[in-house]
Amino acid sequence: MTGAEIIAVLETECGSKIKSKSPEAIDPFVVVEPGDLLAVCGVLRDFPRLQFDMLNCITGADYLELDPKKVAKAGFEPHMEVVYHFSSFDQKHRFVVKVMLPRWKDNQPGALPEVPSLTTLFPAADWLEREVFDLSGVNFIGHPDLRRLLLADDWVGHPLRKDYEFPLEYHGIRGR
Amino acid sequence: MGWVEGRFEENFFVTTIEQGIAWARESSMWPMTFGLACCAIEMMAVGGPRYDIDRFGAGAFRATPRQADLMVVAGTVNMKMASRVRRLYNQMGDPKFVIAMGACTCGGGPYYKYGYNVVKGVDLVVPVDVYVPGCPPRPEALLEGLMRIQDKVRGMRYLTKGKAIDLPIPARTGYVQLPPELDDADPVKALEKQIAWAKLTKEKATPTKA
């Protein structure tokens, strides 16, 4: 199925939950609210003509322009995106779901934005979500074991955030 | 006694025993199997038949630090690995030697500025005897580093002069010695001063628009 057809199926199955769509993109995607993510992904996995049985990757993207001169031309408000890539072995098609989040929950720096975990639908999401939590700082609600995957357990901060500041020292080792 | 002939001076006293010990030691440096990143591939090439580290008696890569006396830190050391490197170093028996192989272990290399998780030089963690720069170094360069270690072993005089090589740990702190106006006891305040100073000099260096 093409991206437009997949989006058409999604709109009939859960029409009100699709916030925006872009079928003409190279990787066609829809944008959903964090609260509707589980429902939409359930349709993607279980609907007979879709059969998305594989979660390829989860990406955390931080949209923030630090240079005040470039803010006007940046073309986006500061926000986080979590991008899910799905594919189907049987139907041989791919699809992308995006979730837009604030950079910090309730605009309080340090409070991680929240998104429901996909581990109940796709067990492969376990480590993917741990990595996104580790590096980008997104809290996956309902994850069975949300620890850092790559960095040390006592690491402070999430390094792939645009405003991350390097540690001066880590256990007596100079950091920068 | 054909095997010692011509290798020692004629008067057999303590010094010549020492030379014998040093000679035996330098001819059987056992490195630890310890590859952290891409430099390890180069280290394997050194162990293979083309470059053949066995010619220098250092071909017996040991799988445990307790049997090894040479640690070739081959590859990027990150913050999570640093404590493990230090523990492995502590587990090695004396005398022990360290070769920092590659740009990353010498001083951070390509990760110096933007690598949030990379130790800026393994000498912040363990004392290093020989630095072998390169990204990665040629196998010949690692052999050269091994020969410098052997030179160091040959110069050791444990029995007559006591422990000759006593490096403070770590050998360098990694901090830059700063003039007093830029330094502070509190590292955060010192950094703020340095950043302010760097901004000032950058403004001075920027040409004014005509």
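Keep in mind that this is a model prediction, so the values were computed, not measured.

1. Some remarks on the overall build of chain B
- The number of helices and strands found in chain B is 7 helices and 3 strands.
- For chain B, the sequential pattern of α-helices and β-strands runs α-α-β-α-β-α-β-α-α-α.
- When each of the 210 residues of chain B is scored for burial, the buried share is 30%.
- In chain B, of all internal contacts separated by at least 6 residues, the share reaching a separation of at least 24 is 74%.

2. A few points about the overall build of chain A
- Helix and strand content of chain A: 4 helices and 9 strands.
- When its helices and strands are written in sequence order, chain A yields α-β-β-α-β-α-β-β-β-α-β-β-β.
- C-alpha extents for chain A along the principal axes are approximately 55 × 40 × 25 Å.
- A buried classification covers 23% of the 176 residues belonging to chain A.
- Of all intrachain contacts in chain A linking residues separated by at least 6 positions in sequence, the fraction that spans at least 24 positions is 53%.

3. Some details on the nonpolar core
All names here are of chain B.
- Residues Leu70, Val73, Val77, Ile99, Ala100, Met101 and Val122 are the most contacted members of the largest nonpolar core, which totals 44 residues.
- Of all the secondary-structure elements, those providing two or more residues to this core are helix 2 (39–47), strand 1 (70–74), helix 3 (79–91), strand 2 (97–101), helix 4 (103–107), strand 3 (130–132) and helix 5 (139–154).
- Not counting residues within four places of it along the chain, the set of residues in contact with Met101 comprises Cys39, Met43, Val72, Val73, Ala74, Val132, Pro137 and Leu142.

4. Quick look at the domain arrangement of chain B
- Partitioning chain B into structural domains gives domain 1 (14–161) and domain 2 (176–210).
- Centre-to-centre separation of domain 1 of chain B and domain 2 of chain B, based on C-alpha positions: 37 Å.

5. Remarks on the sheet that holds strand 2 of chain B
Residue and element names in this part refer to chain B.
- Taking strand neighbours across the sheet as the criterion, the 3 strands line up as 1-2-3 in an open arrangement whose pairing is parallel. Each having just a single partner strand, strand 1 and strand 3 make up the two edges of the open sheet. For this sheet, the mean angle separating the axes of adjacent strands, direction not counted, is 20 degrees.
- In this structure, strand 1 lies alongside strand 2, joined through 5 bridges in parallel fashion. Each residue of the ladder has a partner; that of Ala74, found in strand 2, is Met101.
- Against the sheet, helix 5 contacts strand 1, strand 2 and strand 3, and its axis sits at roughly 170 degrees relative to strand 3.

6. Here we look at the sheet that holds strand 3 (residues 54–63) of chain A
Residues and elements named next belong to chain A.
- Taken together, the 5 strands give an open sheet; going across it, the order is 1-2-5-4-3, and neighbouring strands pair in mixed fashion. Edge positions in the sheet fall to strand 1 (18–22) and strand 3, since each of these pairs with one other strand and no more. Pairs of neighbouring strands in the sheet enclose a mean axial angle of 20 degrees, with direction left out of account.
- As defined by bridge partners, strand 4 (residues 79–87) adjoins strand 5 (residues 94–101) across 8 bridges and the pair is classed as antiparallel. Looking at the pairing, Ser87 lines up with Arg94 of strand 5.
- On top of the sheet, helix 1 (residues 3–13) reaches strand 1, strand 2 (29–32) and strand 5; it is set at about 165 degrees to strand 1, its chief contact.
- Across the face of the sheet, helix 2 (residues 37–46) comes into contact with strand 2, strand 4 and strand 5 while running at roughly 180 degrees to strand 5.

7. Looking at the pairing of strand 1 of chain B
- The element strand 1 of chain B is largely enclosed, with a buried count of 5 among its 5 residues.
- In strand 1 of chain B, alternate side chains face the same way, and those of Leu70, Val72 and Ala74 of chain B on one face and Met71 and Val73 of chain B on the other are all buried.

8. Comments concerning the packing of helix 2 of chain B against helix 5 of chain B
Residues and elements named next belong to chain B.
- Packing of helix 2 against helix 5 leaves a shortest axis separation of 9 Å and a crossing angle of 75 degrees. In terms of orientation, helix 2 and helix 5 fall into the roughly perpendicular class. Of the residues in helix 5, those in contact with Glu42, Met43, Ala45 and Val46 of helix 2 are Pro139, Leu142 and Leu143.

9. Describing helix 7 (residues 187–205) of chain B
- Look at helix 7 of chain B: 27 Å from first C-alpha to last across 19 residues, which is about the 27 Å you get at 1.5 Å a residue.
- Helix 7 of chain B sits mainly on the outside: 0 of its 19 residues count as buried.

Rules behind the numbers
Residues numbered from 1 in each chain as written. Chains lettered and ligands numbered in written order. Predicted model: local features only at pLDDT ≥ 70, side-chain atom pairs only at ≥ 80, totals over all residues. Helix = DSSP H or I, 4+ residues; strand = E, 2+ residues; numbered from the N terminus. Buried ≥ 20, exposed ≤ 12 C-beta atoms within 10 Å, placed from the backbone. Contact = placed C-beta atoms within 7 Å. Core = buried A, V, L, I, M, F, W, Y, C linked by C-beta atoms within 7 Å. Domains from an automatic or database assignment. Pairing = 2+ DSSP bridges. Axes fitted to C-alpha atoms, helices over the stretch in contact; angles between N-to-C directions. Parallel < 35°, antiparallel > 145°, perpendicular 65-115°, else oblique. Expected span 1.5 Å × (residues − 1).

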